[in-house]
Structure formats: structure tokens, C-alpha cells
Amino acid sequence: MKMSSIKEIGIGMLGYEFMGKAHTNALIKMPIFFYPPPIKPKLIALYGRKKERVMEASLRYGYKRYYTDWEALVKDREVEVIDNGLPNHLHKEPCILAAEEGKHVICEKPLAMNSEEAEEMYKAVQRAKVKHMVAFNYRFIPAIILAKKFIEEGYIGKILQFRAVYLQEWVMNPNFPMVWRLKREFSGSGALGDLGSHIIDLARFFVGEIDSVIGLTKTFIKERPLAEEPNKKDLVDVDDAFIALIKFKDGAIGSVEASRFSAGRKNYQRIEIQGDEGTILFNLERLNELEVYTNKDKENRRGFKNILVTEKVHPFYDRWWPHGHTIGWEHTFVHELYHFFDCLANDKPIEPWGATFYDGLRNNQIMDAILKSANTGKWERAY
Ligand code: SOE
């Protein structure tokens, strides 16, 4: 199969910083490692607010052109897929316009600022009948996929409890300046939407629908210096940390918490899934490994088994390196974008493996319920 004979598809990327870079890296790598690719992404256009910076990024990343007007990029006739890696307050309008223009849409998490916006976005992509995915990239880690397989095979029995933390430390310094992730008007919430959204998505992915929640939030540092004028301060109006308890529809219970004030925790996402016959443990800082325990083992042989999930039998792994040559955080984006383009090229559903805008809507509804509960102090329905 010659690469020249593979259909191409025009990509319009919104944002060139953290997620824009992670997604562009994935778009470039996907056809190399997932060869022949289901479709070949063509880097058509890149959007950013600041002309100088987005022009430089477009040259550095290899986009054909750049825009400082996201509406013009979305309407670019060569752009067939919109990949939105902008701050959360710029998810709704570009994604809805993309759908109205008949473009397929990938949007970073959380889908929206709140469930009202998420519902509008979900309805728009349904009306337009375009492919839609929310970039919950941790669903595409081979160890996470193995955990799902263990659960489906009944290896740990009926799921009774789910507990997850997602801890980072990057804003503990009071001199760390104000950024969009710390302002409600740009982010919608703090650690909850940025980190909590991931573990809430995985709670639904592993256990099932969430019925109600009770939660609390905390802001440890309430004002921060402005990057441009350090002697001026601005208010932090989002959570630095949250904790929530969960009642799943099927009777299981759980807890989720995220913090940006966890000294020593760099990108520490720890998941523990407990069944009536065993336990599965995952740690994002050791993402090639999975720990499993089952009572099905003979009594004198019971214990946690640590599996290095790098054999070719695991999804995606045959595309990378020999077993034991581990992969990293960036590869999760290559996997999720491969999944998107495979589903697009072969008209397959994004779900249940990938997260659609419906999953994004449910995620925002659950987070809204946690924020409501943090005010009322009561259990709130997560719909
Ligand atoms: C994506 O993998 C991600 O979890 C982002 O969503 C977070 O914002 C970042 O802190 C770590 O990477």
C-alpha cells in the first residue's frame, strides 16, 4: 500500500500550546506508527490569538496556514475536521459552528464550561450527523484497556467500590501567576474540570452511570499575581482541590478527588477498582503497569500481580516497540486520534471505547452536581 494512495483529510487545529502541541504531535506520529493509516491527517490550519506566535507555531508544526480568527479557520474549505484544544470557554462556539459547517469534531476535556453548554454542543453534533469525540485520552492507555478486559471477564467479580485521585502540585507556590485554569470565566472550574473530569469519565467507563454525588471544594490560595504586572493581584475563583462521594446507578459506591496542591505528586492519577472477588490498581505515573488481585487464585498463592502491559497482544502495542520498551503520556493522544480516524474512515461508532459528546455532557452534568453539592452540603442528582 503506497502512502500516496491513502485518502487525506484536512485538519484545523484550535490552539498551539499544551493540548495543541500534544494533538499535533499525535497527528504527525499516527500515520507513521499506525501504517497504513485509516486516513492521513493533513495539517491545514492552526488558530491562535497572537499573530506572531501562531504564525511561528504553524511553521514549527507544519500547518499550511494560520488564522487569528477561529471562525475563519472553521469555515476554511480545506478543513474537514476541527480539533479544539483551546481553553474551556472557547469549546462551545467553535465546536457548534464546526458541526453546522459539517465538520467532524474532536474537543479537549472538559467538553464545556457547564452542562447547559455541553447539551447545546451535543445537540449540534447530533443534528449535523458528524463524528464527535471528547479527548479523554486516558481511556487509550493499554493498561487501562487491560483493566476493562479484566472487569468484563469477571476477574474481580461484581464491582462494589471505585476510588480515584488525580493529584498535581503545580500551583502550590503563591507566586505562581494567574492563568486561565484559575479563573472561572475561562475554565468553569479548577482541579475539578481539569483533573476531576478524567477520573469521573473513568468512573463511568469502568463502573457505569453515576446517580448522585456529594462533594466539597477548597481554594487554598485566593489571589495571585498577574504575570505581566506581579505587583497587581487577581482573585482565584475556582477550586484548587475537590473531594466527592459517588453513588452509582447499579449500587456500587465510590470516591473521586483531585488537587493541584499535592506536594510531590507530579501527574499522579491513582485508580482502585474493587470487586467482590478482587482488586485492580492503576497509577498514571507508572502507566505501563497494572496491578491485579483475585480471590480466584488458590489461597496459598494469592497476592497482587504486577503486569507490565507492553506485550504485542495488547491494543496499539504492536505498533510501537518490542515488549518492555515502554510508552508514555504522549502516546495516549496518538491512540485516541487513531481511534477517531479509524471510526471516521470505516464508519464505526466512537463509543463505547472513545468518549462522545454525550459522555462529555454526562461529565459536565456530574461536575455541576458536585459544585452544587459543595454549596448545598447535600447529595445532588448527577443528571
Ligand atoms: C491530558 O492528558 C492531561 O490530563 C490534561 O487534561 C491535564 O490538564 C494535564 O494537567 C495533564 O494532562
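Residues numbered from 1 in each chain as written. Predicted model: local features only at pLDDT ≥ 70, side-chain atom pairs only at ≥ 80, totals over all residues. Heavy atoms only, no water.

Some thoughts on helix α10 (residues 357-376)
Put simply, the test is: Comment: elements are numbered from the N terminus, with helices defined as DSSP H or I runs of at least four residues and strands as E runs of at least two. By this rule, a helix spans an expected 1.5 Å times one less than how many residues it contains. What qualifies as a polar contact is a pair of N or O atoms within 3.5 Å, subject to a donor-acceptor requirement within protein and to the restriction that residues adjacent in sequence count only when both atoms come from side chains.
Relative to the 28 Å expected for 20 residues at 1.5 Å per residue, α10 spans 28 Å between its end C-alpha atoms, a close match to the ideal helical length. For α10, the capping residue at the N-terminal end is threonine 356, with a side-chain oxygen 3.1 Å from the backbone nitrogen of tyrosine 358.

Details of the site of the ligand
For clarity, the threshold we go by: Only heavy atoms are used to decide nearness, and a residue is near a molecule or strand if one of them lies within 4 Å of it. Areas reported here follow the Shrake-Rupley algorithm with a probe of radius 1.4 Å; residue values treat only the protein chains shown as occluding. Grid points spaced at 1 Å over the protein atoms alone were grouped into cavities, where a 1.4 Å probe fits but cannot get out, and pockets, open sets with protein on both sides within 12 Å along at least five of seven lines, with lining residues defined by an atom within 4 Å of a point. Grid points define the cavity or pocket, and a molecule sits in it when more than half of its atoms lie within 2 Å of them. Under the scheme applied here, ten amino acids are nonpolar (Ala, Val, Leu, Ile, Met, Phe, Trp, Tyr, Cys and Pro), four are charged (Asp, Glu, Lys and Arg), and all others, including Gly, are polar. Marked domain ranges trace back to an automatic or database domain assignment.
Around the ligand, the surrounding shell consists of Phe18, Lys109, Asn137, Tyr138, Tyr166, Gln168, Arg181, Asp194, His198, Asn267, Trp329 and Phe333. Take arginine 181: an N or O atom from its side chain is 3.3 Å from an oxygen atom of the ligand. Summarising the interface, the protein chains cover 94% of the accessible area of the ligand, which totals 300 Å² for the free molecule. Judged by the fraction of its atoms near the pocket grid, the ligand is located in the largest pocket. Secondary-structure elements contributing two or more residues to the shell around the ligand are α8 (191-206) and α9 (329-345). Classifying every residue of the shell around the ligand gives five nonpolar, four polar and three charged. The two domains that each donate at least three residues to the shell around the ligand are domain 1 (3-137) and domain 2 (141-326 + 357-381).

Brief notes about the sheet that holds strand β7 (residues 159-167)
For clarity, the cut-off: We call two strands paired when DSSP finds no fewer than two bridges between them. The contact rule is simple, with two residues in contact once any of their heavy atoms fall within 4.5 Å. Helix axes use the C-alpha atoms of the stretch in contact, all axes being lines fitted to C-alpha atoms, and the angles between their N-to-C directions lie in the range 0 to 180 degrees.
The strand order β16-β15-β14-β13-β7-β12-β11-β8-β17 describes an open sheet built from nine strands, whose pairing is mixed. Of all strands in the sheet, those bounded by a partner on one side alone are β16 (305-308) and β17 (380-381). One ladder, built from four bridges, connects strand β14 (residues 278-283) with strand β15 (residues 289-294); its direction is antiparallel. Note on β15: the bridge partner recorded for threonine 279 is tyrosine 293. Sheet strands touched by α8: β7, β8 (210-218), β11 (241-248), β12 (253-259) and β13 (268-275). Its angle to β7, the strand with the most contacts, is close to 155 degrees.

Things to note about the environment of proline 31
Here proline 31 shows up in helix α1 (residues 18-33). Along the primary structure proline 31 and proline 41 are separated by ten residues, whereas in three dimensions their C-alpha atoms are 7.9 Å apart. In this view, proline 31 contacts Met3, Pro37, Lys40 and Pro41; residues no more than four positions away in its chain are not counted.

Examining unusual backbone geometry
The phi torsion of most residues other than glycine is negative, and most of the peptide bonds are trans. Here the bond from tyrosine 35 into proline 36 is cis, since omega is -5 degrees, no more than 30 degrees from zero. A positive phi angle is found at phenylalanine 316, which is not glycine, with a value near 75 degrees. With respect to the element layout, phenylalanine 316 can be found in the loop between β16 and α9. Positioned with a positive phi, aspartate 347 is a non-glycine residue whose angle comes to about 50 degrees. Relative to the helices and strands, aspartate 347 resides in the loop between α9 and α10.

Brief notes about the state of the cysteines
To be explicit about the condition: We call a pair of cysteine sulfur atoms a disulfide whenever their separation is within 2.5 Å. Throughout, exposure labels follow a simple rule: accessible area from a 1.4 Å probe, protein chains only, divided by the maximum for the residue type, with under 20% read as buried, over 50% as exposed, and the rest as partly exposed.
Overall, the coordinates contain zero disulfides when judged by the stated rule. Just so you know, cysteine 95 is unpaired, no disulfide at all, and the nearest cysteine sulfur is the one on cysteine 107, 3.8 Å from it. Since its relative accessible area comes to 1%, cysteine 95 is described here as buried.

Quick word on the sheet that holds strand β3 (residues 65-67)
Ordered in space as β3-β2-β1-β4-β5-β6, the six strands form an open sheet in which the pairing is parallel. Two strands bound the open sheet, and with one partner strand each, they are β3 and β6 (132-134). With strand direction ignored, the average angle separating the axes of adjacent strands in the sheet is 25 degrees. Sheet strands touched by α1: β1 (8-14), β2 (40-47), β4 (81-84) and β5 (104-107). Its angle to β2, the strand with the most contacts, is close to 160 degrees.

Points about the domain arrangement of the protein
The line we're drawing: Accessible area that two parts lose when put together, with a 1.4 Å probe and added across both, is what the buried area reports. Here a salt bridge means any side-chain nitrogen of Lys or Arg lying within 4 Å of a carboxyl oxygen belonging to Asp or Glu.
In terms of domain boundaries, the protein breaks down into domain 1 (3-137) and domain 2 (141-326 + 357-381). Placing a centre on the C-alpha atoms of domain 1 and another on those of domain 2 gives a separation of 25 Å. Residue-level contacts link 29 residues of domain 1 with 26 residues of domain 2. On the domain 1 side of the interface with domain 2, the three residues burying the most area are Phe33, Phe34 and Phe136, jointly 28% of the side's total. At the boundary of domain 1 with domain 2, the tally comes to one salt bridge. Of the charged contacts, one joins lysine 109 and aspartate 194 as a salt bridge, the two residues approaching to 3.0 Å between their closest N and O atoms. Inspection of the domain 1/domain 2 interface yields eight residue pairs in polar contact (both at pLDDT 80 or more). Only α1, β5, α5 (115-128) and β6 provide two or more residues apiece to the side of domain 1 that touches domain 2. The greatest single-element share of the side of domain 1 that touches domain 2, amounting to seven residues, is contributed by α5.

Concerning the packing of α5 against α10
Definition in use: When an angle is under 35 degrees it counts as roughly parallel; over 145 it counts as roughly antiparallel; between 65 and 115 it counts as roughly perpendicular; any other value is oblique.
With their axes 8 Å apart at the nearest point, α5 and α10 run at an angle of 170 degrees to one another. Considering their axes alone, α5 and α10 lie roughly antiparallel with respect to each other. Taken together, the residues of α10 that come into contact with α5 (itself represented by Ser115, Glu116, Ala118, Glu119, Met121, Tyr122 and Val125) are Phe357, Tyr358, Gly360, Leu361, Asn364, Gln365 and Asp368. In the contact of α5 with α10, the residues fall into seven nonpolar, four polar and three charged.

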